[in-house]
Amino acid sequence: MISRMSKVELIGPRDVLLNVLETVRASEILQIDPAIQQRMEHGAEAHLRPLALAGKTLAERLFYEDLDLKITRLLTLLPAVPTKETPVSAPRALSAIAGVIGERIALCEEKTRRREAVQTEMRQLSRYTIFLTTVESLVPKGAEEAGLDVIAVEVRDQSALDRLTKVAGRLLLGADVRTARSEDGSYIGLLTTEKQLSDTLKEALRNDAIPEVSLPPYLEGLTLAGKISTVRDRYESLSAESATIDTELRGYAETWRPLYEDVHSWLKGQLALLKTSSLAYGTDNCFVLFGWVPTAEVARLRNLVNKQFGDTVIIEEKEILEHDLETVPVTLKNPAYFQPFELLVRLLPLPRYTSIDPTPFIGIFFPLFFGMILGDVGYGLVLLLVALGLAFRAKQELLQHVGKILFTCSIYSALFGFLYGELFGDLGTRMFGMKAWIDRTTSLMPMMYFAIAVGTVHVLLGLILGVFTALRGKRRKEAGFRLASVVLVLCIAGILVSYFAPVGALLRRPLMIAMLIIAPVLLLTGGFLAPFELLKSLGNIISYVRIMAVGLASVLLAYVANSLAGAAGSIWIGIVVAVILHAFNIVLGVFAPTIHALRLHYVEFFGKFFEPGGKPYMPLKKAH
C-alpha cells in the first residue's frame, strides 16, 4: 500500500539549523521540499525568504570543499588497504590534516611519477630483451670476430619483410638476410655486411621506411652478449625500485588511509548538510524547513527533535492542499507476504500518491493466474525446489524476491494440478490413478467460461478501484463514469448468465431496464467516447481466455512428451526423451504464464485505476 504522508514544518532559531539537519538526517525520515513554500499564497510562510549562508558558514564551506578535493586526490594516489578503526575522530584531526595534506600529496605524487617512469622503462627493456635475444639467435658464428657489421631491424608484417630482402639484395648483390619471429609476433631481420657498406645499407633501409632499431646510448660499444646482460641487470634494478616504491606507498596507506577516509566521509556529510541548508527558508533570526514525513513516523521525529532541542524547535503538521497532491512523495509499504511482489510493480513507474498501490492485488491474482495456466503437480514441485534454492541460498536480494514469488506460484500450480488431475501431463493418471475434477483437454468450454468469469471479477475489481482513485484525486465526474461502467458490466454479465439459469428470463428484463437507466449517466460522465471505453472493458474481459489457451498448450506438450517417451522402444531412451521434453516444457511453463499473467495485470487490470507519475520518497540520509 502507499504510505500515508504528512506535510510538516520545522521552525527554530537560525543558529541551530545545521544541528537540526544533522538530527533529521540521522532519523532518515524527512524529505525536505522547499517547493511547498513556493506554493503558499497566503499566511506568514508565504513571506519567508530563502536563507543564504552567513559569512562564517560560507568560509567554512569553502574550507571543507578545498580539503575534500585534496583528500580525494591523495586517496587516488594511495593503494587500497583493509579498513580499520582510527583512534582519532574526524573533527579533531581536521586542522592537523589541513596543515600537512599539501606536503603529503606532493610526496605521493613524486613517488607515483617515479613509479610510472620506472614501469615505462621496464616495458621498454622487456622489448629490448625480446629483440636482442632474437637477434642473438640469428647472428652467424664468428661474425663479430671477423669484423662484420650486424644490422638488425624490426618489421610488423610480411610485406615489410619482403621489402627488406629486396633492399639488401639490390645493394649487397644477394646478401644473406636472416629472419625470425619474436615472442611478441613481430619479425626481426638481420643483415650481416662489411663495415664499409654498412652506412649505405642503413641509409637505404631508412629511405624505404625500414629503420634500424635504436638502442639506449648506454648500450653503445658493447658486444651483443654484453647488451643482453646489461639490459637484464637494468630491468632487475628497476623492478626492485618499483617494488620498494609500492611497499612505501602501501605502508603509508596502512598507517594513514583509514584516518583520511574517515575525515573524507565526515567532510562529505558536512558539505551535504551545508548544501541542504540552502533549502531552508526563514528570517534573520529563525529558519523554517518544509518537507514530507510518513504519518506513522511523525511522532518519532517529534520526539527526536524535542529530546535534542527541547521547545526551541517546533514541528507542525500542515493540511495537504489539493495543489500539493501532485508532489506528495510516494513510498510503498506492504506486509511481508506481498513485499516480493513489489518487484513486479516496480517494473512500471511509481504510482501517484492519489492512486492505489497494486502490489496486494498482483500478489493475490498473479500466482492464481500462473497456477491456472501451468496447473501441474509435477511441474509445481520442481519449481518449488528451485524457488526454495533461490529464496534461501541466493545472495542477491533480487533473486531472493524472485524465489519467494516463484514459491507462491509453484504452490498454486500444484493445487491446480490436483484439480486438473495432471502430474507431468497424464503420467499421474497412467501410473498413480489420479482423477481430474476438470479435464482441460476435453472441457474446453467450461474452462473458457471459468477464465472469462475470473476476467470479469478482475476487471470489475479494477473499475471499482478506479472509482476510489478518482475520488481520492477529487475527480468526481470520473468516479461517476467508473461506477456506471461497473453497473453496466454487471448487467451485461447478468444477462449472459441468465441464458444458463432456469429462471433466466425473469432476470433479463430488469437488467435491460437498468442498462437503459445507466447508459445516459455513462454518457454524461464519460462523454461521447464512453461507449468505446465500455467496449474496451468488455474486450479486456474476453482476453482472459488466454489463460485457458496457454494452459491447454502446456498440457498438450506434456502429453506429447509422455507419448514420445513411450514410443522410444527403450526404457532409458524414453526416460531421456521425457526428461528433455518436460524440462523444455517447464521452462516454457515459467515464461509463458509469467508473461501472460503480467500482461493481464498491466493492460487489462492496471489500466482501470493505476495512475503513474508518483515522485519517489527520498528522505535525508546519513552516509553508510
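All of these numbers come straight from a predicted model, not from anything done at the bench.

Visitor: I keep staring at the overall build of the chain and nothing clicks. Help me out?
Guide: When its secondary structure is counted, the chain shows 19 helices and 11 strands. Here the chain holds 624 residues, and 43% of them are scored as buried. Contacts in the chain between residues far apart in sequence, at least 24 positions, make up 81% of those at least 6 positions apart. Of the roughly 33100 Å² of accessible surface on the chain, 62% is carried by carbon and sulfur atoms.

Visitor: Is there a simple way to explain the packing of helix α11 (residues 377-393) against helix α12 (residues 397-420) in this structure?
Guide: To characterise two packed helices, one gives the angle between the axes of the helices and the distance between these axes. Contact geometry for α11 and α12: axes closest at 7 Å, N-to-C directions at 160°. If you check the angle between α11 and α12, you find them roughly antiparallel. For the pair α11 and α12, the sense of crossing is left-handed. Packed against α11, whose contacting residues are Val-377, Gly-380, Leu-383, Leu-384, Val-386, Ala-387, Leu-388, Leu-390 and Ala-391, the element α12 presents Leu-399, Gln-400, Val-402, Gly-403, Lys-404, Leu-406, Phe-407, Ser-410, Ser-413, Ala-414, Gly-417 and Phe-418 at the interface.

Visitor: Explanation requested: the packing of aromatic side chains in the structure shown.
Guide: For any pair of aromatic rings, the description consists of the separation of the ring centres together with the inter-plane angle of the planes. Applying the stated criterion to the full structure yields 17 aromatic pairs. For the ring pair Tyr-64 and Trp-266, a centre distance of 5.6 Å and an interplane angle of 80° mean the geometry is edge-to-face. Separated by 202 residues along the polypeptide, Tyr-64 in helix α3 (residues 55-77) and Trp-266 in helix α7 (residues 224-277) bring together distant segments of the chain. Taking relative accessible area as the criterion, Trp-266 reaches 23% and is therefore assigned partly exposed. Centre to centre, the rings of Tyr-602 and Phe-606 are 5.6 Å apart; their planes meet at 50°, and the pair counts as tilted. When the ring centre of Trp-256 is taken as reference, the NZ or CZ atom of Arg-104 above it lies at 5.8 Å.

Visitor: Quick question: what am I supposed to make of the environment of Met-512 here?
Guide: Residue placement: Met-512 occurs in helix α16 (residues 504-526). Residue classification places Met-512 among the partly exposed positions, given a relative accessible area of 42%. Each C-alpha atom, one on Met-512 and one on Ile-495, is 7.9 Å from the other, the two residues being 17 residues apart in sequence.

Visitor: Would you take a moment to explain a nonpolar patch on the surface for this structure?
Guide: Taken together, the side chains of Leu-385, Leu-388, Phe-392, Phe-407, Ile-411 and Leu-415 define a hydrophobic patch exposed on the protein surface, amounting to about 600 Å² of accessible area. Counting residues per element, the ones that place at least two in the nonpolar patch are α11 and α12. Within the secondary structure, Phe-407 is located in helix α12. Accessibility expressed as a relative area gives 33% for Phe-407, which makes it partly exposed.

Visitor: Before we go on, may I ask you to explain the nonpolar core in this structure?
Guide: Nonpolar side chains in soluble globular proteins generally cluster together in the buried interior. Residues Leu-10, Phe-366 and Phe-369 are the most contacted members of the largest nonpolar core, which totals 87 residues. By residue number, the principal contributor to this core is helix α10 (residues 359-374), which donates nine residues. Grouped together as the second largest cluster of nonpolar side chains are 25 residues, Ala-253, Leu-259, Leu-271 and Leu-274 included.

Visitor: Got a minute to help me understand the confidence of the model for the chain in this structure?
Guide: Atomic detail in the predicted coordinates should be set aside for any region of low pLDDT. When pLDDT is averaged along the chain, the result is 80; 81% of the residues meet or exceed 70. Per-element averaging of pLDDT across the chain places helix α5 (residues 158-172) at the bottom with 61 and α10 at the top with 91.

Visitor: Help me out: how do you make sense of the side chain of Thr-469 in this one?
Guide: With respect to the secondary-structure elements, Thr-469 resides in helix α14 (residues 444-472). With residues up to four places along the chain from it excluded, the contact list for Thr-469 reads Thr-354, Ser-355, Ile-356, Arg-475, Phe-609 and Glu-611.

Visitor: Is there a simple way to think about α14 in this case?
Guide: Owing to its 3.6 residues per turn, the α-helix aligns residues three or four sequence positions apart on the same side. The terminal C-alpha atoms of α14 lie 42 Å apart, and with 29 residues this matches the ideal 42 Å at 1.5 Å per residue to within 8%. After α14 finishes, the residue Lys-474 shows a positive phi value of roughly 60°.

Visitor: Got a minute to help me understand α11 in this structure?
Guide: Helix length check: α11 (17 residues) gives 24 Å between terminal C-alpha atoms against 24 Å at 1.5 Å per residue, within 8%. Among the residues making up α11, those that are buried are Val-377, Gly-378, Tyr-379, Gly-380, Leu-383, Ala-387 and Ala-391.

Visitor: Please clarify how unusual backbone geometry should be interpreted in this entry.
Guide: Leaving glycine out, the prevailing phi sign among residues is negative, and the prevailing peptide bond configuration is trans. Non-glycine residue Glu-28 carries a positive phi angle of around 60°. Summarising the element assignment, Glu-28 is placed in the loop between α1 (17-27) and β2 (31-32). Residue Glu-28 is classed as partly exposed on the basis of its relative accessible area, which comes to 22%.

Visitor: Help me understand the packing of α1 against α7, please; the structure alone is not making it clear to me.
Guide: Axis separation between α1 and α7 bottoms out at 10 Å; the angle between their running directions is 115°. The orientation of α1 with respect to α7, classified from their angle, is roughly perpendicular. Judged by the sense of rotation from one axis to the other, the crossing of α1 with α7 is right-handed. Between α1 and α7, the contacting residues are Leu-17, Leu-18, Leu-21, Glu-22 and Arg-25 on the first element and Gly-269, Gln-270, Ala-272, Leu-273, Leu-274, Thr-276 and Ser-277 on the second. Looking at the contact of α1 with α7, its residues break down into six nonpolar, four polar and two charged.

Cut-offs and rules
Residues numbered from 1 in each chain as written. Predicted model: local features only at pLDDT ≥ 70, side-chain atom pairs only at ≥ 80, totals over all residues. Heavy atoms only, no water. Helix = DSSP H or I, 4+ residues; strand = E, 2+ residues; numbered from the N terminus. Buried < 20%, exposed > 50% of the residue type's maximum accessible area, 1.4 Å probe, protein only. Contact = heavy atoms within 4.5 Å. Areas by Shrake-Rupley, 256 points an atom, 1.4 Å probe, with all protein chains shown as cover. Axes fitted to C-alpha atoms, helices over the stretch in contact; angles between N-to-C directions. Parallel < 35°, antiparallel > 145°, perpendicular 65-115°, else oblique. Left-handed = near helix turned anticlockwise from the far one by under 90°. Phe/Tyr/Trp six-rings, centres within 6.5 Å; stacked < 30°, edge-to-face > 60°. Lys NZ or Arg CZ within 6 Å of the ring centre and 35° of its normal. Patch = residues over 30% accessible without salt bridge, like charges linked within 9 Å, V, L, I, M, F, W, Y side chains within 5 Å. Salt bridge = Lys/Arg side-chain N within 4 Å of Asp/Glu carboxyl O. Core = buried A, V, L, I, M, F, W, Y, C linked by side-chain atoms within 4.5 Å. pLDDT = per-residue confidence, 0-100. Expected span 1.5 Å × (residues − 1). Nonpolar A, V, L, I, M, F, W, Y, C, P; charged D, E, K, R; others polar.

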